[in-house]
Each structure stands twice: as structure tokens, then as C-alpha cells.
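Reading the structure
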Amino acid sequence: MVSNRKRSIIMPPQPFVAAAHINDPMVYQQDAVDFWAARAAELSWTTPPKQTLSGEMPNCTWFSGGTLNASYNCLDRHLKTHRKNKAAIIFEGEHGDTRVYTYKDLHREVCRFANVLKQMGANRSEYITIFMPMIPDTVIAMLACARLGVPHNVIFGGFSAQALLERINDAGSKILITCDGAYRKGRIFPVIENVNQALESENTIETVIIVDRIKGEPPLVYGRDHLYRSLRSNVAFDCPPVDVKAEDPLFLLYVSGPDGAPKGVLHSTGGYLTGVGATHKYVFDIEEDDVYWCTADVGWISGHSYGVYGPLLNGATIFMYEGAPDYPDKTRCWKLIENHGITIMYTTPTLIRSFIKWGEEFPQKHDLSSLRLLGSVGEPISSDSWLWFYDVVGKGLCPIVDTWWQTETGMIMLTTLPAVSPMKPGSTGKPFPGTMLEIFDEKGKTVTEGQGVLTITQPWPSMPLGLLHDDGGLYEKTYWKRWKNRTAYYTGDGARIDKDGYIWVGGRIDDVLNISGHRLGISEVENCLTKHEAVAEAACVGIPHDIKGQVLVAFIVLKDGYFATRSLIETLRSLVAEKIGAIAQISEVIFTAELPKTQTGKTVRRLLQAVAEGKDDVGDLSILANPGALDSLRQFLPRSL
Ligand code: WT7
């Protein structure tokens, strides 16, 4: 066996290349605008676009003059082909219950849901909030919104009642689609109870549509709550798709930013679908008989772009799983692959690290020979994890695509093309054809080899329309005004470019954490902690964690008269979990008399970081305005200080 250190470049496996339908390196040579015009032409437009790209960054318009409908592109146009009776979704619930929707079935269900939404007064100037687990009904609800040209606002099902409420009100949603419960780790996850708790506070919701998942009998608020199964039986099976402009919003999706409050990112219809359809086709080399599994929850952008829209645009078969990867035991994922003949698995480094920890014996017990391609997204993957995935899961026969992108980019921006590019374990490869990403130094100069900030320097079709309620130019300021001399998109990620032009993403350089592949703004957690009456000041840092990538450590300064107790720690922990959700778990709380500050009052996070990580090297401390803070942190610091 070759040692891992020597395996720094891996060629795409020959059998894969021979069978691939996208294997021409010339794809990298095409003019970007021509490339995207050709990709847009693969969609069905009711009016073809007049111009591919107009305007200057960041105010570009893609496909102006064009009109189309997203659900028509995902469903109706396949009904005219052999795909009519092809499986669009194969679903397995946590208990092993399965459901299959052909394209025809999915079309009918989407039409019925859309007719229900129409009946409930769905309006194109509003956002419909969807708070649902990983079940086909969630996809149906999203596509039903798209059919009517009403943008959806999917909230990740694991978010707390408070997080849901905040996002509902920010979007001003009047209609909420949810369900009675979900199965998770053998128990019932109380989706509807979270909803009811959220709606106890002041909110904008007028109508709640409750889908049946657990055969529950949820208490209904008269005039507000409706059981979907009753509504569904009274509507027609067909619903004409509403024509929308290319630049009309398809959806809103909230993301945690560095400055606290979650922000609603708006994505377009024409540009987004063009970008997502093409990247899905090229990056996953989609073939007609693929069974494609994106493990990401539909509540995140990965679930939107590569769990729903990308695969359906390409007429692919989506595999969807409701539950936990280790329920009832650690063979579950491998059993799913074997039983459903899954050919492509797109997952996250955090899950791969769990697989590694659980052990090779679990994948080895199952026949994984249906797999032909593997993908990773959400955070940097170490070369060891990469090689484990390649050897143990892919048996050395499946290329791995390590795809870098963001909620804001909407589509994959950095990746290798599986039948074209050599792979370097741990590198995300090069910009996708038709896109341009560069590494900038602090002054905004391009670094041709070395370290810097990952930056997007050319417009891409799924660029965001902007942020919701952005009167003050927050979108431009946050993403486009980082460098004085150049207008380019700031990603917030540090990265290195090597001599071959391959990019190695290091991780966030702003105050955003990446916990299990999910983004969490540090100040969102801090703002929540300082709401507690005992807390005078709070500062959080992320420290490395074997499985989750990063976990939170909170430094707390108490108000006079309050004392550090075990029960206070628990209260603070649950406060954050309640406000944000289970992803925001605080692993350690450290009480200190003062936070280390600079003269201008900025917390010196570097020092807190060193304390949290137990590092000896705390760097230069001469900038501290209150060296006294060191006294209270001293017990955590090396003796030499
Ligand atoms: C941030 C975006 C894109 C869907 C899931 C996350 C990190 C994403 C990679 C990768 C290294 C990655 C970045 C990015 N990230 N993919 N392949 N290698 N880092 O979406 O919540 O918007 O987070 O995830 O830090 O900025 P998101």
C-alpha cells in the first residue's frame, strides 16, 4: 500500500473516465458568457433571454428579458420524455418505510399543493415559510411555491422555536407550511410543538398548513391551522405554472453573518437555475440511471441546490433519507446505499469523520459497488479523511469532488471535474468553468502562488439578488467593498493557491464558525448570552473538534452579585440552544473577571483563542489595555506569563 503522504495527486480512475459523458478539458477554455448562454439554453424558457449578462459587478443582471418557471423546468418538461415514469424521489424514513415518486407523481402532488396554496391566498409579493424535516412533502411544498412564483423561505427543521419566529417575522410570512412531527433517532421530533411555541409570540402568520408525517392529531387553532390531507382532497390535479422573470426571486434563505442577526439571502430564478443545473450536471457527471444522494438537509443551501433543484432540473433520481445516520446502528448509511443502489453520495467532512471514528467494519459489511462518484462540501476536508473516503467507501474506483461554495454563491464555485481533473486530497481544485476565483492579498492584489483571501472576480449566474430589507447597502458593504481598488466578492475564507492553480481553502477568517458544516455567527451566540441577567459581557471562540470541525467556548464576565454556578452554566447553555438550535452547543463556559481588550475596546480574541485551545503561544500582549484581564485568565495560561 502506498503511504498516504505520497498520494498527493490522484488521477481520475480509468473506468470512470471511460464511461463519463463530461470528459473534455476544452470546457475550461470557453468564454464565460458564451458558456453560460449555452447552459441557459438547456432550460425551458417561455421567453428566451435577450441578453446573457448586463451591468457591472455587483449590480449584474443575468438573462434579462427571459421568463420561465422553476417547477416547469424541474417537472413538466420531463413528462414529455421517457422520464415521465422515472423515479424522481426515492424516500426512506427512519423506520424503514419507503415511498417512490415518479416525475409524473411528483408533478401531480406539486400541482395539488400549489392549488391549496392558491386557495389559502398565496401572494407573489410574500415569502412562504417552510419548516419541515427531510420528507418528500418538503420538496413538494418548495416546488409548489415555485409553481406559483412565490418565493419560499425554508427554515432548517433543527432550529429552535425562537430562531423560527425571528425568521418568520423578518420575512413577514403569512403562510407557514409545517408538519405534525418527524422521526429522529428513534423518537418523534416535535415539529408542530416548536411551531406552536414560536407562534405564541407576536408574529405575521395567518395560515398554518400542517402536513401529516406521524399520523398525529395536532391541536388546531381555529381559522389559522389546516390539515393538509383535508385540503388536498378538495383541489384539482393540475395547476398551470406561473411565468416569472429571470431576475425574480426563487427563494429566500437565512444565513448567519459575522455581525449577529441572521440575514435573508435572495436568489434569482433564471440565473440560479442555470448555475445549479449546469454545476450539478458537470460536477456529478449525472447519467440517466444514477441514484443520487445528497445527505444535506433541505433546510440548507446544499439541500436546495443539490438536494432539490439541480437533480430535478437534470431529470435525475434523488434519494432522500429522513433520519439519523447511526439509527438504529452505524451501518444505516451503508445499508441505504446497498438497498437502493445509490451511485453518487454527496456528503460532509463532519459525517465522514464520524464514519472514520465508528470504524471501517461498518462500510465493509455492505456491498457498496453501486457507488461511482463521491462528493464533499461544507468545510475543509483533511487529506486523511479524503483518502479514507476514497479507499474505504469508494474502493479506489470513485472520484471525489470536494466542492467549495456558499449560501450566497448558490452554486458550486470550486471543484475538480471528476473525469477531467487530477485530484489533490484536501484541495477543492479550480474554479468551475465560466467562473473566476482568485486569491487576494490584503491590498487586493492577486496572489499567483501562496496565501490570501478567496475572492470571486467575475460575475456568476447564481449570484445573489441581495439581502432582504437591505436599505443601507449592507450587501454591497459586506461582500463587495472589501478592497478599495477592485470590485470583487469577498468570501470570508482564507485560502492558498499552489503552483498548479489548485486552491486549498483554510476556513473562515471572519467571526463565523463552522460547526458540523453549518455556519454560525459568533456574535449571534454572544448577543444571546448577554441577554441573561447575570451576564455583563460574553465572548465566544471556536476551537477545533475531531468530529464537528469546531465547537464553541464561551468566556463570561458576570455582573456584580452573581456567581458562577453549575446551574448557571446549564442555563446559559440551554439559553443558546433555545435561541438558535441544537447546532449552537457550548462545549465549555469559562468565567473571567474581565475580557482582554485593546485601547479601542475590542476584545482580543486571539488571547481567548489561545486560552480555549490550551496553547502556550499567546502572541504579543502589549496591545492589551487592561493587562489585569490576564490575572483572571492566568489559571488557564502557561506559567511563564
Ligand atoms: C462556508 C459556506 C456550501 C454549502 C454548505 C455550507 C465553508 C463550504 C467548503 C469546502 C472548505 C468549505 C466555507 C464557506 N465551505 N464548502 N469544500 N472546503 N470549506 O454553506 O453555510 O453558506 O457556508 O462553508 O467556509 O465560506 P454555508
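Note that the structure is predicted; figures quoted are calculated from it, not measured.

Parameters and conventions
Residues numbered from 1 in each chain as written. Predicted model: local features only at pLDDT ≥ 70, side-chain atom pairs only at ≥ 80, totals over all residues. Heavy atoms only, no water. Core = buried A, V, L, I, M, F, W, Y, C linked by side-chain atoms within 4.5 Å. Buried < 20%, exposed > 50% of the residue type's maximum accessible area, 1.4 Å probe, protein only. Contact = heavy atoms within 4.5 Å. Pairing = 2+ DSSP bridges. Helix = DSSP H or I, 4+ residues; strand = E, 2+ residues; numbered from the N terminus. Near = heavy atom within 4 Å. Polar contact = N/O pair within 3.5 Å; in protein donor to acceptor, adjacent residues only side chain to side chain. Areas by Shrake-Rupley, 256 points an atom, 1.4 Å probe, with all protein chains shown as cover. Nonpolar A, V, L, I, M, F, W, Y, C, P; charged D, E, K, R; others polar. Axes fitted to C-alpha atoms, helices over the stretch in contact; angles between N-to-C directions. Disulfide = S-S within 2.5 Å. Salt bridge = Lys/Arg side-chain N within 4 Å of Asp/Glu carboxyl O. Phe/Tyr/Trp six-rings, centres within 6.5 Å; stacked < 30°, edge-to-face > 60°. Lys NZ or Arg CZ within 6 Å of the ring centre and 35° of its normal.

**Focus on the nonpolar core**
By size, the foremost hydrophobic cluster in this structure holds 165 residues, and its most contacted members are Phe284 and Tyr309. Setting aside its immediate chain neighbours within four residues, Tyr309 contacts Ala70, Cys74, Met142, Leu143, Ala146, His152, Leu250, Tyr272, Leu273, Val276 and His304. If you look at the next biggest cluster of nonpolar residues, it comprises 32 residues, including Ile10, Ile337, Tyr390 and Val393.

**Here's the deal with the sheet that holds strand β24 (residues 446–447)**
Pairing is antiparallel in the open sheet, where 5 strands are placed in the order β24-β23-β25-β27-β28. In this open sheet, the two edge strands, each paired with only one partner strand, are β24 and β28 (503–508). One ladder, built from 2 bridges, connects strand β23 (residues 437–440) with β24; its direction is antiparallel. Along β24, the bridge assignment pairs Ile439 with Val447.

**Some details on the site of the ligand**
The environment of the ligand is formed by 18 residues, the closest being Asp402, Thr403, Thr407, Asp493 and Arg519. Separating a nitrogen atom of the ligand from a backbone N or O atom of Gly378 is a distance of 3.1 Å. Residue Gln406 places a side-chain N or O atom 2.9 Å away from an oxygen atom belonging to the ligand. Protein contacts shield 97% of the accessible area of the ligand, which totals 560 Å² for the unbound molecule. When grouped by side-chain class, the residues that make up the shell around the ligand number 6 nonpolar, 7 polar and 5 charged.

**Some remarks on the sheet that holds strand β11 (residues 207–211)**
Here 8 strands make up an open sheet; going across it, the order is β12-β11-β8-β6-β7-β14-β15-β26 and the pairing mixed. On the outer flanks of this sheet lie β12 (225–227) and β26 (466–467), each paired with one strand and no other. In the sheet, strand β6 (residues 128–130) pairs with strand β8 (residues 175–179) via 2 bridges, with the strands oriented parallel. The residue of β8 that forms the bridge with Ile130 is Ile177. Sheet strands in contact with helix α5 (residues 136–148) are β6, β7 (152–154), β8, β11 and β14 (249–255), and its direction is about 170° off that of β6.

**Notes on the state of the cysteines**
By the definition in use, this model includes 0 disulfides. Cys294 carries a free sulfur, and the closest cysteine sulfur to it, the one in Cys333, is 13 Å from it. The exposure class of Cys294 is buried, given its relative accessible area of 5%.

**Considering the pattern of salt bridges**
For the coordinates displayed, the defined rule picks out 36 salt bridges. Residue Glu524 pairs with Arg167 through a salt bridge whose shortest N-O separation is 3.8 Å. You can see Glu524 sitting in helix α16 (residues 522–529) and its partner Arg167 sitting in helix α6 (residues 161–171), a full 357 residues away along the chain. Here the two residues Glu524 and Arg167 agree in accessibility, since each one is buried. The salt bridge partner of Arg353 is Glu379, with a shortest N-O separation of 3.1 Å. Highlighted residues: Arg353 in helix α12 (residues 349–358) and Glu379 in the loop between β19 (373–377) and α14 (383–393), separated in sequence by 26 residues. The class for Glu379 is buried, based on a relative accessible area of 11%. Among the ionic contacts, a cluster of salt bridges with common partners joins Asp105, Arg108, Glu109, Arg112 and Arg232.

**Section: the environment of Leu607**
In this structure, Leu607 sits in helix α18 (residues 605–613). Overall, the relative accessible area of 0% leaves Leu607 in the buried class. Each C-alpha atom of the pair Leu607 and Asp402 lies 33 Å from the other, and the pair is 205 residues apart in sequence.

**Some thoughts on helix α11 (residues 332–340)**
Listing the buried residues of α11 in full gives Arg332, Cys333, Trp334, Leu336, Ile337 and His340. The positive-phi residue at the C-terminal boundary of α11 is Gly341, with phi of around 60°.

**Concerning the pairing of β28**
In this sheet, β28 lies alongside strand β27 (residues 489–497) in antiparallel orientation, the contact comprising 5 bridges. Note on β28: the bridge partner recorded for Ile497 is Ile503.

**Looking at the packing of aromatic side chains**
Tallied over the entire structure, the rule returns 30 aromatic pairs. Arranged with centres 4.5 Å apart and planes meeting at 55°, the rings of Trp334 and Phe355 form a pair that is tilted. You can see Trp334 sitting in helix α11 and its partner Phe355 sitting in helix α12, a full 21 residues away along the chain. Like Phe355, Trp334 is buried. Here the guanidinium or amino end of Arg39 rests over the ring plane of Phe35, the centre of that ring lying 4.8 Å away. Cation over ring: Arg482 sits above Tyr490, and NZ or CZ is 4.0 Å from the ring centre.

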